[in-house]
Amino acid sequence: MQIRISDAPLTPPEEIARRKQNPGFGKVFSDRMFIARWTEERGWHDLAIEPYAPIPLDPAANVLHYAQEVFEGLKAYGWQDGRVALFRPEMNGRRLNQSAERMCMPTVPEPMWRDAIETLVDLERAWVPTDGEGSLYIRPTMIGTEPSLGVKVSNSFLFYVIVGPAGPYFPTGFKPVRIWVTREFVRAAVGGIGFAKTAGNYAASLLPGRIAAEKGCSQVLYLDARERRYIEELGGMNVFCRFGGRLVTPPLTGSILPGVTRDSILRLAPDLGYEVEERPIAIDEIVDGARSGELGEMFAVGTAAVVTAIGELVVEDEPVRIGDGGVGETATQLYRKLTDIQYGRGPDPYGWTRIVEPRG
Ligand SMILES: *Cc1c(COP(=O)(O)O)cnc(C)c1O
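So, here is what we can say about the structure in this document. (Residues numbered from 1 in each chain as written. Predicted model: local features only at pLDDT ≥ 70, side-chain atom pairs only at ≥ 80, totals over all residues. Heavy atoms only, no water.)

Observations concerning the packing of aromatic side chains
Applicable threshold: Note on aromatic pairs: the rings of Phe, Tyr and Trp (six-membered ring only in Trp) are paired at centre separations within 6.5 Å, and the planes decide the class, stacked below 30 degrees, edge-to-face beyond 60, tilted for the rest. Only runs of H or I of at least four residues qualify as helices and only runs of E of at least two qualify as strands under DSSP, and these elements are numbered from the N terminus.
In this structure the tally under the stated criterion is 12 aromatic pairs. Geometrically, the ring pair formed by Phe 29 and Tyr 52 is stacked, given 5.3 Å between the ring centres and 10 degrees between the ring planes. Residue Phe 29 is located in the loop between helix H1 (13-20) and strand S2 (32-39), and its partner Tyr 52 is located in the loop between strand S3 (43-51) and helix H2 (62-66); the two are separated by 23 residues in the primary sequence. Taken together through their ring pairs, the aromatic side chains of Phe 34, Trp 44, Trp 113 and Phe 159 make up a single cluster.

Description of helix H8 (residues 329-342)
To be explicit about the condition: Given the number of residues in a helix, its expected span is that number minus one, multiplied by 1.5 Å. A simple rule labels every residue: compare its accessible area, found with a 1.4 Å probe on the protein chains alone, to the largest value its type can have, and call it buried under 20%, exposed over 50%, or partly exposed in between. Working note: the arc is built from the helix axis to C-beta atom directions.
For H8, which comprises 14 residues, the first-to-last C-alpha distance of 20 Å matches the rise-based estimate of 20 Å (1.5 Å per residue) to within 8%. When we look at burial in H8, the residues that qualify are Thr 330, Ala 331, Leu 334, Leu 338, Thr 339, Ile 341 and Gln 342. Buried positions in H8, seen along its axis, are confined to an arc of 150 degrees and lie on one side of it. Residues of H8 that are exposed and point more than 90 degrees away from the buried face comprise Glu 329 and Arg 336.

A look at unusual backbone geometry
Most peptide bonds take the trans configuration, and most residues that are not glycine carry a negative phi. Residue Asn 22 is not a glycine yet carries a positive backbone phi of 45 degrees. Mapping Asn 22 onto the fold places it in the loop between H1 and S2. Asn 22 sits in the exposed class, given a relative accessible area of 77%. Notably, Asp 46 is not glycine yet its phi reads approximately 55 degrees, a positive angle. If you trace the backbone, Asp 46 turns up in strand S3. For Asp 46, a relative accessible area of 44% translates into the label partly exposed.

Observations concerning empty space enclosed by the protein
Rolled over the atoms, a probe as big as a water molecule pinpoints where empty space is left. Note the following rule: The way it works is a 1 Å grid over only the protein atoms, where trapped points that fit a 1.4 Å probe form a cavity and open points with protein on both sides within 12 Å along at least five of seven lines form a pocket, and then any residue with an atom within 4 Å of a point lines it. Grid points are joined across faces, edges and corners, and a volume is the space filled by probe spheres set on the points. Basically, the charged four are Asp, Glu, Lys and Arg, the nonpolar ten are Ala, Val, Leu, Ile, Met, Phe, Trp, Tyr, Cys and Pro, and anything else, Gly included, counts as polar. Residue ranges assigned to the domains are those given by an automatic or database domain assignment.
Here the structure, examined in full by the defined rule, presents one cavity of 30 Å³ or more. A volume near 100 Å³ is recorded for the largest cavity. As for the largest cavity, its lining consists of 13 residues, and the residues nearest its centre are Tyr 77, Phe 87, Thr 261, Thr 303 and Gln 342. Of the residues forming the lining of the largest cavity, the biggest block, three residues, is contributed by strand S5 (residues 74-78). In the lining of the largest cavity, the residues fall into six nonpolar, six polar and one charged. For the lining of the largest cavity, the two domains that each supply at least three residues are domain 1 (4-166) and domain 2 (177-341).

Structure follows, in structure tokens:
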């Protein structure tokens, strides 16, 4: 499938350089986007790279009422030698399709996924931060566009990819966060859509997120919906606990998003001498472990922040300090190991990086 590349007004280099400085997250976008259409009759068609612009949608479009939507989040990293690399992008492609299947949406064939991402990132490489800390955030999205208020599967879809520079998650340095553990709200239940990267999960997380902020916490740690006993994830990041030399993370039971970072840490940690384990972790085990000292560290992992140390939990309004409340050794070590691979500063033993080749 051929991608048609249309002309776009391009931002002058000095202006790009200015916008790449302190871009924050998800606010600055490049000049162009990838877009493709799907219908039952034609499948995927009209693949194009066009100027970044609003998308005309019928006010009755499925996505606006019933949230038939899936998305992805990955990054392109600017290496010191000038090359641009993606990190395990095929995993994001597979996950997009798993999300799409759950949401009754068409899947994106691997070659189309690869071509869309690589062609767009190549064209927009001027937007990739080169300060060795920022990255180009890539947001592939698929939406149901059929204008119909009946609750049913859309018969037409749009798939688009937008990109924009993102600064380092912690511009002032690696800092531990405070997390609210809620027993009142749940993010997802087994049998629901928790494993899919789909809009509804995030809509459900907004109110608990706001309450967490009122408690001085930056995010929410959710427990399982059935027993409200086992930790699940943060609603945007997966979690790990370190008990002695063992790294433990909750298993993928269907209500947790299968993170690429989570998977990468499970693969890298044994090389650093840790034992890894996927098993249910009761919140009581965490609170007891924090008090006895058996729980050495806890951290959250995801593409945006890579590894974030959790310094304190707030459990039923009681603060529970983790370790010494600072950034632990393991979190630091894993952060380095992963970012060294992503930025091409260290060995890539599993062949995870993929260079975006210039297309002449
Ligand atoms: C995207 C996401 C993660 C992290 O996944 P990565 O692939 O590591 O970025 C974790 N939880 C939720 C709910 C997510 O949406």
